[in-house]
Every structure is written in structure tokens, then in C-alpha cells.
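# Notes for the structure review
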Amino acid sequence: MSDLDVQLPDGSHRTLAQGSTALDLAAAIGARLAKDALAAEVNSQLTDLSAPLPDGATVAIITPASEKGREVLRHSTAHVLAQAVTRLWPGAHYAIGPAIRDGFYYDFSLPGGARFSDDDLARIEDEMRKIVGENQPFTRSEHSFEDGLELFKDQPFKVEIINAVRSGASEEDLAEVANSSVVSTYSNTPEFRDLCRGPHVPSTARLGFFKLMRVAGAYWRGDEKRPQLQRIYGTAWESKDALAAHLTQLEEAEKRDHRRLGQELDLFSFPSELGPGLAVFHPKGGTIRRVMEDYSRSRHVAGGYEFVNSPHITKSELFETSGHLEWFADSMYPAMELDDGQNYYLKPMNCPFHVLIFKSRQRSYRELPLRMFEFGTVYRYEKSGAVHGLTRVRGMTQDDAHIFCTREQMSDELTSLLNFVLDLLRDFGLNDFYLELSTRPEGKAVGSDEEWSEAESTLATVAGSVGLELVLDEGGGAFYGPKISVQARDAIGRTHQLSTIQLDFQTPQRFEASYVAADNARHRPIMIHRALFGSVERFMAILIEHYAGNMPTWMSPEQVRVLGVRDDHDDYANEVVAALRLDGVRVQTEAANEPLGARIRRAKMEKIPYILVVGDDDVASGTLGINARGSNHPERGVTFGQFRSRLLDEIASHGSPEAL
RNA sequence: GCCUGGGUAGCUCAGUCGGUAGAGCAACGCAUUCGUAAUGCGUAGGUCAGGAGUUCGAAUCUCCUCCCAGGCUCCA
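Here is what the cut-offs are and how they apply
- Residues numbered from 1 in each chain as written.
- Chains lettered and ligands numbered in written order.
- Predicted model: local features only at pLDDT ≥ 70, side-chain atom pairs only at ≥ 80, totals over all residues.
- Heavy atoms only, no water.
- Disulfide = S-S within 2.5 Å.
- Buried < 20%, exposed > 50% of the residue type's maximum accessible area, 1.4 Å probe, protein only.
- Near = heavy atom within 4 Å.
- Polar contact = N/O pair within 3.5 Å; in protein donor to acceptor, adjacent residues only side chain to side chain.
- Helix = DSSP H or I, 4+ residues; strand = E, 2+ residues; numbered from the N terminus.
- Nonpolar A, V, L, I, M, F, W, Y, C, P; charged D, E, K, R; others polar.
- Salt bridge = Lys/Arg side-chain N within 4 Å of Asp/Glu carboxyl O.
- Arc of directions from axis to C-beta.
- Contact = heavy atoms within 4.5 Å.
- Phe/Tyr/Trp six-rings, centres within 6.5 Å; stacked < 30°, edge-to-face > 60°.
- Lys NZ or Arg CZ within 6 Å of the ring centre and 35° of its normal.
- Pairing = 2+ DSSP bridges.
- Axes fitted to C-alpha atoms, helices over the stretch in contact; angles between N-to-C directions.
- Core = buried A, V, L, I, M, F, W, Y, C linked by side-chain atoms within 4.5 Å.
- Patch = residues over 30% accessible without salt bridge, like charges linked within 9 Å, V, L, I, M, F, W, Y side chains within 5 Å.
- Areas by Shrake-Rupley, 256 points an atom, 1.4 Å probe, with all protein chains shown as cover.
- Parallel < 35°, antiparallel > 145°, perpendicular 65-115°, else oblique.
- Left-handed = near helix turned anticlockwise from the far one by under 90°.

Let us look at the state of the cysteines. Taken as a whole and assessed by the stated rule, the structure comprises 0 disulfides. The closest cysteine sulfur to the non-disulfide-bonded cysteine 351 is located on cysteine 405, 15 Å from its own sulfur. By relative accessible area, which is 1% here, cysteine 351 ends up buried. Taking relative accessible area as the criterion, cysteine 405 reaches 0% and is therefore assigned buried.

Structure follows, in C-alpha cells:
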């Protein structure tokens with residue numbers, strides 16, 4: 001019998017007996033690798049260890065402590081979850097159970113419409129540990145569609161998937177079976193079989209470092225109109241330490257949650273008297289907001305924007321013309337009907353107002369590009385389950401601008417705009433970006449194919465010009481045009497969609513906006529919608545979490561607090577305060593009614609960048625003691641002049657005492 | 001909007017079997033005058049989210065409403 005030759009990831013070759021499996025290969029490389037191996041990647045395709053290797057294949061052994069290894073063990077853990085649920089709820093229907101970021105989920109429909117409660121999670125987890133202890137092998141088998149339908153005749157979701165694959169498979173469904181002509185399944189014991197492409201770990205004994213996190217409702221196939229299933233989320237890792245590290249990281253993320261910090265730092269609140277998604281900003285949160293807005297304004301002045309304002313309510317006519325009432329009436333606050341029968345709406349968007357400003361008189365091509373900016377407060381009736389802290393609210397302020405330009409100007413204008421956006425975001429301390437291009441939404445778009453493809457290709461070219469990674473978001477555009485969005489990674493690696501830039505050929509048409517060009521004829525302008533923060537509220541929330549509440553000095557509500565050691569130092573402390581205020585520094589003092597340690601602790605918990613302590617030495621020689629945020633080593637005997645220039649430099653350069 | 005879980009003092013939370021409300025922090029008062037993350041003593045603070053029901057009696061059990069959290073759906 002001839003041997004077979006395989007190539008390893010490092011380029012080296014191995015010769016194995018015909019019929020050898022990936023597990024045989026792992027054993028040939030080393031006993032340790034054979035013990036760790038979970039699955040294999042053969043010619044870039046994940047497979048089971050037990051699958052025979054084809055001659056000439058490129059093979060990588062997948063071990064637990066890798067992204068692919070975790071994906072396999074998470075997927076296998078999802079199967080064990082389903083098996084445990086079918087043990088505890090005989091007759092339960094199981095739908096799909098993929099691996100996801102950090103874990104897995106599985107969707108179920110329980111007999112008699114029963115629901116999981118939080119208490120059930122512990123029971124299910126116990127049952128899962130039993131299955132792990134039973135060391136059940138995952139066994140793959142392949143069947144015809146007819147046999148597959150017979151095997152799963154009691155599992156309606158599986159039947160639906162098999163039938164969907166048979167009649168022209170979607171990508172999503174293909175992921176559940178071997179390919180478009182063969183149904184693959186995995187069974188542990190005869191007791192449990194699942195439809196699955198695999199691969200899986202060799203045995204349930206290879207699992208164990210998991211935790212069920214929560215139960216949630218989820219619509220079958222993500223469709224609101226289809227039955228709601230019971231979803232269980234879990235996390236799974238390759239080792240006890242990795243699981244513990246993940247749980248610790250979740251706790252860390254919770255500590256920087258902007259809703260928690262908003263409460264602890266007295267920044268904002270959501271009084272229940274106002275209703276869901278409606279925030280009030282307290283003085284400290286108001287200061288952060290004002291600094292953000294002031295800085296944005298100054299950059300927009302420099303960027304050639306003009307400032308406009310528009311009212312919060314309007315007759316329905318405006319949003320009938322714009323098309324918003326047609327598309328988004330459900331998420332607008334209901335109309336206010338006036339005595340004369342006229343309907344007024346709270347505005348969910350600023351753009352139609354800016355079009356009216358454009359239309360208020362004849363425009364010349366010499367005025368273009370015309371850039372109108374407004375901090376425009378809009379109201380959207382978000383579904384009750386959608387509101388979330390400051391990131392999804394019902395009343396918010398957009399840093400909204402609309403640029404009117406010619407088709408010829410469009411490309412240059414977009415390029416400089418994208419650079420303007422990225423510069424501004426960097427000034428707020430975000431540095432790690434990628435771009436997303438959202439294209440025409442099927443069945444929910446207006447305008448001709450030609451306009452859409454021109455708009456999309458223009459945006460793609462511009463996005464490509466700034467040298468950032470570009471991801472395609474098929475069908476994610478607005479009804480009137482495609483968009484580029486800037487995605488930013490924060491300090492703990494989460495990504496947030498920030499700025500959006502949208503191209504719009506439709507609105508100028510709907511409003512019949514025009515300008516007089518050099519040829520003395522009227523032409524239709526192009527409109528570019530753009531928001532950099534998105535909303536001031538949401539951007540503030542992202543910054544609070546990015547900095548864990550330790551705002552850079554220029555944004556800190558209180559930048560300096562001066563503390564006298566005893567109350568006979570308070571006069572000197574007040575002199576320091578008065579001197580710093582001349583430079584516009586936000587500085588306060590706290591009288592020496594309490595021990596110094598208590599006052600320092602309070603200032604530290606308020607995350608004030610600089611605490612200045614002044615005592616006998618300082619009064620005598622005109623110096624300061626500096627206790628900087630993030631430091632446990634106070635500096636003594638610093639002159640006022642030294643501290644002043646250091647502080648002012650740091651504010652001007654948007655720095656932090658921690659030197660982030 | 002849907003699913004699961006929650007709502008007790010300004011904040012964080014305890015409250016047993018249904019017997020009418022507790023702590024720490026914060027606030028306020030008095031004393032304390034202190035060199036880098038909690039000085040001591042005292043005072044005040046509650047329609048137990050709101051409403052209805054069961055009960056001799058409800059923070060506790062039941063129902064409805066509001067709000068919050070985690071998901072699903074949605075996000076111009």
C-alpha cells in the first residue's frame with residue numbers, strides 16, 4: 001500500500017500510512033500534541049481528528065488554546081447543552097447552537113411552551129457536567145436527505161433546515177449540514193443526535209471549562225414575526241484560568257460601564273418622571289458635554305462650516321416630503337394635532353430643515369460646497385426594549401451637518417471630510433479605526449440603480465484612499481443613500497460605530513433644491529449627511545468607558561482640587577485657586593474641616609486629575625504638593641509656575657496625568 | 001414590541017415562616033486642626049416603584065401598570 005504525504009503549517013512534510021487520520025498525524029509529531037489535539041484543518045477546512053487525510057493535503061492540528069480550537073470546543077459545548085436540555089425536558093425541540101465570540105448559545109422550544117428561568121441554568125449546568133463526565137464520543141455520520149428527515153422527524157426546526165438546504169440552500173443553512181447533497185449529523189450516545197457540519201472535539205471529556213451565562217428570548221431565524229425561542233448563552237474556554245480571566249474581564253468592563261460611572265461621578269441621570277431614554281445632565285456631565293461641543297465647534301469653524309439652527313417641531317408636510325414619515329413613522333413620536341387640524345411632529349432628523357435653509361434663496365455654484373452645521377436635538381420613539389443608557393436614547397443631540405455640493409466636488413469633499421473626521425476623533429483620544437461601507441438596502445431604497453452605483457463606487461474609492469481597513473456591510477445603507485461609517489476600537493478592544501458619512505441624491509430631488517451653475521442653468525446639488533460624534537450623548541458614553549471615567553485633563557469636570565493641610569492654610573489654598581482660575585482652569589478647594597486623608601480619598605474617588613496639597617512649607621515658600629491621578633507618589637515643593645505650565649501644556653495637548 | 005430577571009433611605013445592599021423597616025456610605029449638627037485614599041459622637045432621612053386583590057395582618061403571596069437590566073427584533 002502506498003504512503004500519503006502531507007504538508008504541515010511550517011512547510012515541512014510528513015509521510016504517513018494510507019488511511020491515516022489527523023489524530024495519527026498528531027501522534028506522529030508528538031504525544032503531547034496528540035493529547036491536546038481537538039480537530040484539524042485540512043486544506044483550510046476544519047475537520048474531525050478521526051477523518052482520513054487525503055494525499056498531498058496541507059494539515060494543521062487544532063489545539064484548544066487557539067481561536068479555532070476555542071471555536072470547536074464552544075460549538076461542542078453547545079451540543080452538550082442541547083443534550084442536557086433534552087434530558088431535563090424530554091420532547092424539547094432544539095434549533096441552532098453556534099459558537100460565538102467568547103462562547104456559544106443554543107435556541108430551544110420547550111414542550112407546552114415552558115420557559116427557562118434563571119434557576120434552571122444551574123440544573124442544566126449540572127447535567128452538562130454529568131455528560132462531560134460520561135466521556136461520550138462525538139460520532140459523525142452522513143445521510144441522504146430522506147434519512148435525515150426521518151432521523152429528525154420529531155425536531156421541526158431541523159426538518160425545516162434540511163428542507164431549506166434541499167430546495168436551494170442559504171449560506172446560513174449550509175453551515176448546519178455537510179454540503180448541499182449530504183446531511184451530516186453528530187451523535188454522542190444514541191440518546192442525542194444533532195444536525196451539524198462539525199467538526200467536534202473527539203469526546204465530551206475534552207470539555208468542561210464553561211459557564212452558562214443567561215437565558216434570553218430569540219426569534220427563530222431572527223424574524224420578529226416567527227416564533228420566539230428560548231436561548232441560553234454560555235461561555236467556554238480551554239482551561240480553568242482562561243475561563244476565570246474572561247469572567248474577570250467581564251467584571252472590569254462592568255466597572256467602566258458609563259451608566260455606573262455616570263451615577264458614581266454625578267454626571268447624568270434618567271429621572272423616571274421623564275420617561276425611558278430621556279437623560280438630564282448634572283453640572284459635571286454638563287461640563288464634559290460643553291467641552292466636547294465647544295471643541296467640536298472650533299474645529300468646524302476652522303473646517304469651513306457655517307452654523308445654523310432649526311426648531312424641534314414641524315408640520316407633517318416636511319417629513320412627508322423627505323420620506324421619513326413613510327419609512328419611520330413607527331419610530332417617531334406620535335403627531336400633536338392642533339385645533340386647525342394640522343399635525344405637528346417632533347423632529348427625528350435635522351436634514352430637511354437644512355434643505356429648507358439651502359432653498360431659502362437662489363444658490364449659485366460659487367457658494368458650493370456649502371457646509372451647514374448644527375447641534376440638533378432630535379427625538380425618536382425607540383422601542384421600549386431598545387433604549388440603553390446614553391447609547392440608545394429617545395432624545396439626543398446630533399453634531400449634524402449637511403454639505404451641499406456639485407457632482408464634480410463630491411469626491412474631493414468626501415476625501416477631506418473623512419480626514420477631518422478621523423482627525424477630530426483622534427483629538428478625543430481614539431486611535432484605532434476601520435471603515436465600513438454600507439450599501440443599498442434591498443426593498444427599502446429609493447432612487448435609480450445608476451445613482452446608487454455611482455454613490456457606492458464614489459464612497460468605496462474615498463474610503464480606500466485613507467489607508468484604513470474597509471469592511472463591506474451589504475444592504476446596510478439608509479433608504480436614500482449609501483454610507484461610510486468609522487468604527488473605533490476602545491481601550492478594552494470593543495468596537496463602536498462612530499461617525500457616519502452618507503451620500504444622498506434623493507433628498508435634494510424630493511425638495512427640488514437647485515443651484516445656478518456656470519452654464520446659467522439650474523442643477524441639482526448632491527447632499528452629504530454626516531455626524532462625527534453620532535450623538536453627543538452616545539459619544540460621551542463611549543469616551544467615559546474608554547477612559548474608565550478618568551477623563552483627560554482638558555475634559556475633566558474638575559481639573560484641580562486644592563486642599564489645605566489645616567484650616568489656617570485655606571487662605572493660601574484660595575489664592576492658588578484664584579490664580580489658576582485666571583487661566584480658565586476648573587479648580588475648587590475644600591475647606592479643612594475633615595482630616596486630609598479623608599479629603600484626598602474623596603478627590604481620588606472623583607477622579608480629579610490633580611490634587612494639590614498645601615501646608616506650612618508651601619505657605620512659607622510659595623510652593624505646592626502635587627498628587628496626580630494614577631500616582632501614589634506625591635511630589636512636594638513644586639513651584640506654582642512649574643505646575644501652571646505643566647497643567648496648561650497638558651490641557652492644550654489633550655493629555656492626562658496618567659500619560660495614557 | 002417580545003423573552004428572562006429585577007425595583008427596599010440620596011447611593012450600595014440586608015430583611016428568615018406573612019406579624020408593620022435595618023446596615024454602611026452620603027447629608028446635616030457638634031467636637032476635632034490633621035502633610036497625601038475613611039477622626040469621633042450625634043441627628044435626620046422610607047407611600048418597601050404605583051395600583052388592585054388574598055389575609056386578622058403584606059416589603060414578603062396573586063394580578064395589573066410603570067421603570068431598570070440582559071438578550072431578540074429595530075436603529076433614518
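The discussion continues.
Time to look at the protein's contact with RNA strand B. What surrounds RNA strand B is a group of 61 residues, the closest being Arg214, Tyr219, Gln228, Ser384 and Arg601. At a separation of 3.3 Å, a base nitrogen of RNA strand B approaches a polar backbone atom of alanine 592. Between RNA strand B and aspartate 617 there is a distance of 2.8 Å, counted from a base oxygen to a backbone nitrogen or oxygen. Secondary structure elements with two or more residues in the surface near RNA strand B: strand E12 (209–219), strand E13 (228–237), helix H9 (258–264), helix H12 (324–328), helix H19 (596–605), helix H20 (616–621) and strand E33 (623–628). Among the elements that make up the surface near RNA strand B, the one with the highest residue count is H19 (7 residues). Grouping the amino acids of the surface near RNA strand B by side-chain chemistry returns 22 nonpolar, 19 polar and 20 charged.

This part takes up the pattern of salt bridges. Applying the stated criterion across every chain yields a total of 48 salt bridges. Ionic pairing is found between glutamate 658 and arginine 629, a salt bridge with its closest N-O pair at 2.5 Å. Of this pair, glutamate 658 sits in the segment after helix H21 (640–652) while arginine 629 is found in the loop between E33 and strand E34 (635–639), placing the two residues 29 residues apart along the sequence. The class of arginine 629 is buried, set by a relative accessible area of 6%. The network of salt bridges with common partners includes Arg87, Glu127, Lys130, Glu134 and Glu191.

To continue, consider H19. Among all positions of H19, only Arg599, Ile600 and Ala603 are buried. All buried residues of H19 fall inside an arc of 100 degrees around its axis, so they share one side. As for H19, its buried residues are in contact with strand E30 (560–564), strand E32 (610–614) and E33. Phi turns positive one or two residues past the end of H19, at lysine 607, with a value near 60 degrees.

Attention now goes to the packing of aromatic side chains. As enumerated under the stated definition, the model contains 25 aromatic pairs in all. Pairwise contacts between aromatic rings join Trp89, Tyr94, Tyr106, Phe108, Phe116 and Phe192 into one cluster. Lysine 347 extends its terminal NZ or CZ atom over the ring of phenylalanine 353, reaching a point 4.9 Å from the ring centre. Its end group placed over the ring of tyrosine 381, arginine 394 keeps NZ or CZ at 4.3 Å from the ring centre.

To continue, consider the environment of histidine 633. Note on placement: histidine 633 falls in the loop between E33 and E34. Residues histidine 633 and valine 471, spaced 162 residues apart in sequence, show a C-alpha to C-alpha distance of 46 Å.

Below, the discussion takes up the sheet that holds strand E17 (residues 313–315). Pairing within the open sheet is antiparallel, and its 3 strands lie in the order E17-E19-E18. Two strands bound the open sheet, and with one partner strand each, they are E17 and strand E18 (336–337). Relative to strand E19 (residues 343–346), E17 runs antiparallel, the two being bridged by 3 bridges. Across the sheet, isoleucine 313 pairs through a bridge with leucine 346, a residue of E19.

The next point concerns the sheet that holds strand E21 (residues 370–379). Strand order across the open sheet formed by 8 strands is E16-E21-E22-E29-E26-E25-E23-E24, with mixed pairing between neighbours. At either margin of the open sheet sits one strand with a lone partner, and together these are strand E16 (306–307) and strand E24 (470–473). In this structure, strand E25 (residues 483–489) lies alongside strand E26 (residues 495–504), joined through 6 bridges in antiparallel fashion. Residue pairing for E26: isoleucine 484 is matched across the bridge by isoleucine 501. Each of E21, strand E22 (395–405) and strand E29 (526–535) is contacted by helix H13 (residues 351–359), which is oriented at about 40 degrees to E22, the strand it contacts most. In the packing of helix H17 (residues 536–546) onto the sheet, contacts are made with E21, E22, E26 and E29, and the angle to E29 comes to roughly 45 degrees.

As a further point, take the nonpolar core. Grouped together as the largest cluster of nonpolar side chains are 74 residues, with contacts concentrated most on Met292, Phe428, Val560 and Phe643. Here this core takes 9 residues from helix H14 (residues 407–427), the largest share from any one element. Leave out the neighbours within four places in its chain, and valine 560 touches Leu580, Val585, Arg586, Val587, Gln588, Ile608, Tyr610, Leu612, Phe643 and Leu647. The next biggest cluster of nonpolar side chains, apart from the first, holds 49 residues, and it includes Val72, Phe138, Val177 and Leu207.

Position of glutamate 413 among the secondary structure elements: in helix H14. The class of glutamate 413 is buried, set by a relative accessible area of 7%. Residues glutamate 413 and alanine 598, spaced 185 residues apart in sequence, show a C-alpha to C-alpha distance of 55 Å. Setting aside its immediate chain neighbours within four residues, glutamate 413 contacts Pro369, Arg371, Ile403 and Ile528.

All right, on to a nonpolar patch on the surface then. Taken together, Ile313, Met336 and Leu338 make up a surface patch of nonpolar side chains, about 230 Å² in accessible area. Position of methionine 336 among the secondary structure elements: in strand E18.

Moving on to the side chain of serine 203. As for its position among the elements, serine 203 is in the loop between strand E11 (193–195) and E12. Only 3.0 Å separates the side chain of serine 203 from the backbone nitrogen of alanine 205, close enough to count as a polar contact.

This part covers the packing of helix H3 (residues 67–88) against helix H4 (residues 118–133). Packing of H3 against H4 leaves a shortest axis separation of 9 Å and a crossing angle of 115 degrees. Accordingly, the angle class assigned to the pair H3 and H4 is roughly perpendicular. Note that H3 runs across H4; the crossing there is right-handed. Here Thr77, Val80, Leu81, Gln83, Ala84, Val85, Arg87 and Leu88 of H3 come into contact with H4, specifically with Arg123, Ile124, Glu127, Met128, Lys130 and Ile131.

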